[in-house]
Amino acid sequence: MRREMIRIDEEKCTGCGECVPNCPEGALQIIDGTARLVSDLFCDGLGACIGHCPEGAIEVEEREAGPYDERRVMENVIPHGANTIRAHLEHLQGHGQDDLLAEAIACLGEKGIAVPEGFAAPRDGGRGLHGGCPGAKIVDRRENAAVPPDAPPHDPVPGSGFRHSALRQWPVQINLVPPNAPFLRGADLLVAADCVPFAHAGFHEELLAGRVLLVGCPKFDDTSRYREKLAEIFRTAGIRSVTVAHMEVPCCNGIVNLVKDAVAASGRIVPMADVTVRIDGTVLPG
């Protein structure tokens, strides 16, 4: 895949090492007297190291590279202690990387590590997240979940003529949902391609009702990250079943293979159903 990465001009680099402690992700090391990028997986391409190079030897370029892996980065960051953890979270927050920030915070929670003050921290049994991106705040509104007393009603006024929403959780975008979200535990999962809810008029009643929703686009999103996150969800959340809903166009079929691969990687047996929606909004039989 093509994405932004740092490039080090070895002719300019003096090996001073100023960049290394200013890369909390652990992507840089001094090797043979020169700064080196040790792994594409650890470089987010945001350039925190650039301003700390006195020789101007680091710049950002777009090139072919492996996908950035936030969880692998956190494995690097955590052993260095609270200050490095905070520096990494501030780095993500300062660049507006809200989905990665939510993933990093979820990783800390899974390992029982305190989230630095001022960042999102689980409360109410994990049903809500403070700080960070408000759009990533976890909300669990299923019938068996404890709903905060100040939450607005989820149904419209009776007799208003509005259809009821079957959505009972937030967030829904795969990048924003932490694998330890409470609404995932023991859930019947619906993994839907982005276009399905727009095309299928009966989406809420026929597909979403009674299920927990995850949405993404197999054509434009980072499916390798999706695959890893879904595999972890299947491995740890006790998912009862998964329904994959996608459009009939060929580029949308990738989400089916993505989910199949994630189930296989999890080592779990999860019943799976495949729903294909035509571009006229009807569901393909079978």
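Residues numbered from 1 in each chain as written. Predicted model: local features only at pLDDT ≥ 70, side-chain atom pairs only at ≥ 80, totals over all residues. Heavy atoms only, no water.

Q: Explanation requested: the overall build of the protein in the structure shown.
A: Secondary structure assignment for the protein yields seven helices and twelve strands. The buried share of the protein, reckoned over its 286 residues, is 44%. Summarising the internal contacts of the protein: among those between residues at least 6 apart in sequence, 67% fall at separations of at least 24. Accessible area for the protein stands at about 14,200 Å²; split by element, carbon and sulfur atoms hold 52% of it. (Helix = DSSP H or I, 4+ residues; strand = E, 2+ residues; numbered from the N terminus. Buried < 20%, exposed > 50% of the residue type's maximum accessible area, 1.4 Å probe, protein only. Contact = heavy atoms within 4.5 Å. Areas by Shrake-Rupley, 256 points an atom, 1.4 Å probe, with all protein chains shown as cover.)

Q: Would you take a moment to explain the packing of helix H3 (residues 98–110) against helix H6 (residues 223–236) for this structure?
A: Helix-helix packing: each pair is described by the crossing angle between the helix axes and the interaxial distance. The contact between H3 and H6 brings their axes to 14 Å, and the two run at 30°. Here H3 is positioned roughly parallel relative to H6, judged by the angle of their axes. Handedness of the H3/H6 crossing: left-handed. For the pair H3 and H6, contact is made by Asp99, Leu100, Glu103 and Glu110 and by Arg225, Lys229 and Glu232, respectively. Classifying every residue of the contact of H3 with H6 gives one nonpolar, no polar and six charged. (Axes fitted to C-alpha atoms, helices over the stretch in contact; angles between N-to-C directions. Parallel < 35°, antiparallel > 145°, perpendicular 65-115°, else oblique. Left-handed = near helix turned anticlockwise from the far one by under 90°. Nonpolar A, V, L, I, M, F, W, Y, C, P; charged D, E, K, R; others polar.)

Q: Looking at this model, I keep getting lost on the pattern of salt bridges. Mind explaining?
A: Opposite charge on two side chains permits pairing when their charged atoms draw close. Using the criterion set out here, one finds 13 salt bridges in the structure. Ionic pairing is found between arginine 2 and glutamate 62, a salt bridge with its closest N-O pair at 3.3 Å. With arginine 2 in strand E1 (residues 2–8) and glutamate 62 in strand E4 (residues 58–64), the pair connects residues that are 60 residues apart, well separated along the chain. The shortest N-O distance in the salt bridge between glutamate 10 and arginine 36 comes to 2.5 Å. Taken as a pair, glutamate 10 in the loop between E1 and strand E2 (28–31) and arginine 36 in strand E3 (residues 34–37) lie far apart in primary sequence, 26 residues in all. Classification of arginine 36 by relative accessible area gives partly exposed; the value is 26%. Because the salt bridges share partners, they merge into one network encompassing Arg7, Asp40, Glu59, Glu61 and Arg63. (Salt bridge = Lys/Arg side-chain N within 4 Å of Asp/Glu carboxyl O.)

Q: How should I be thinking about the nonpolar core in this particular structure?
A: In globular proteins that are soluble, nonpolar side chains generally tend to be buried together. Of all hydrophobic cores here, the largest spans 43 residues; its most connected members are Leu184, Leu189, Phe234 and Val259. Among the elements that line this core, the one with the most residues is helix H7 (residues 254–266), at six residues. With residues near it in sequence (within four places) discarded, phenylalanine 234 still touches Leu189, Ile239, Val242, Val259, Ala262, Val263, Ser266, Arg268 and Val270. Judged by nonpolar contacts, the second largest core, of 32 residues, contains Met5, Cys19, Val73 and Ile105. (Core = buried A, V, L, I, M, F, W, Y, C linked by side-chain atoms within 4.5 Å.)

Q: For this particular structure, what's the right way to read the side chain of lysine 229?
A: In this fold, lysine 229 is placed in helix H6. Salt bridges are absent for the buried lysine 229, whose nearest opposite-charge side chain, glutamate 103, sits at 4.6 Å. In terms of polar contacts, lysine 229 uses its side chain to reach the backbone carbonyl oxygen of asparagine 175, at 3.0 Å. Each residue touching lysine 229, except ones within four places of it in the same chain, is listed here: Glu103, Ile174, Asn175, Leu176, Val177 and Pro179. (Lys, Arg positive; Asp, Glu negative; His and termini not counted. Polar contact = N/O pair within 3.5 Å; in protein donor to acceptor, adjacent residues only side chain to side chain.)

Q: Help me understand the confidence of the model for the protein, please; the structure alone is not making it clear to me.
A: Where the model shows low pLDDT, its predicted coordinates should not be examined in detail. For the protein, the average pLDDT comes to 83, and 86% of its residues sit at 70 or higher. Counted against residues more than four places away or in other chains, residues 121–132, with its pLDDT under 50, gives 30 contacts. (pLDDT = per-residue confidence, 0-100.)

Q: Just checking my understanding: could you explain the packing of aromatic side chains for this structure?
A: The geometry of an aromatic ring pair is captured by the separation of the ring centres together with the interplanar angle, meaning the angle of the planes. Under the criterion given, the structure shown has zero aromatic pairs. It is lysine 219 that lies over the ring of phenylalanine 220; its NZ or CZ is 5.7 Å from the centre. (Phe/Tyr/Trp six-rings, centres within 6.5 Å; stacked < 30°, edge-to-face > 60°. Lys NZ or Arg CZ within 6 Å of the ring centre and 35° of its normal.)

Q: Explanation requested: the side chain of threonine 276 in the structure shown.
A: The topology assignment puts threonine 276 in strand E12 (residues 272–277). Side chain to side chain, threonine 276 and histidine 246 meet in a polar contact 3.3 Å long. Not counting chain neighbours up to four residues away, the residues in contact with threonine 276 comprise His246, Met247, Glu248, Thr282, Val283 and Leu284.

Q: Explain the state of the cysteines to me, please; I cannot follow it from the model alone.
A: Within this structure, the stated rule accounts for zero disulfides. No disulfide involves cysteine 195; its sulfur sits 6.4 Å from that of cysteine 252, the nearest cysteine. A relative accessible area of 48% places cysteine 195 in the partly exposed class. (Disulfide = S-S within 2.5 Å.)

Q: Explain the packing of helix H1 (residues 70–77) against H3 to me, please; I cannot follow it from the model alone.
A: As a packed pair, H1 and H3 sit with axes 10 Å apart at the nearest point and diverge in direction by 55°. Looking at the two axes, H1 sits oblique to H3. Between H1 and H3 lies a crossing whose hand is right-handed. Two secondary-structure elements touch here, H1 through Glu70, Arg71 and Met74 and H3 through Leu100, Glu103, Ala104, Ala106, Cys107, Leu108 and Glu110.

Q: Whenever I open this one, the pairing of strand E10 (residues 212–216) confuses me. Can you help?
A: Looking down a regular strand, the side chains alternate between one sheet face and the other. Across the five residues that make up E10, a large majority, five, are buried. Where burial is concerned, the two faces of E10 agree: the one with Val212, Leu214 and Gly216 and the one with Leu213 and Val215 are both buried. Pairing analysis gives five bridges linking strand E9 (residues 188–193) to E10, with the strands arranged parallel. Residue pairing in the sheet places leucine 190 in a bridge with leucine 213 of E10. (Pairing = 2+ DSSP bridges.)

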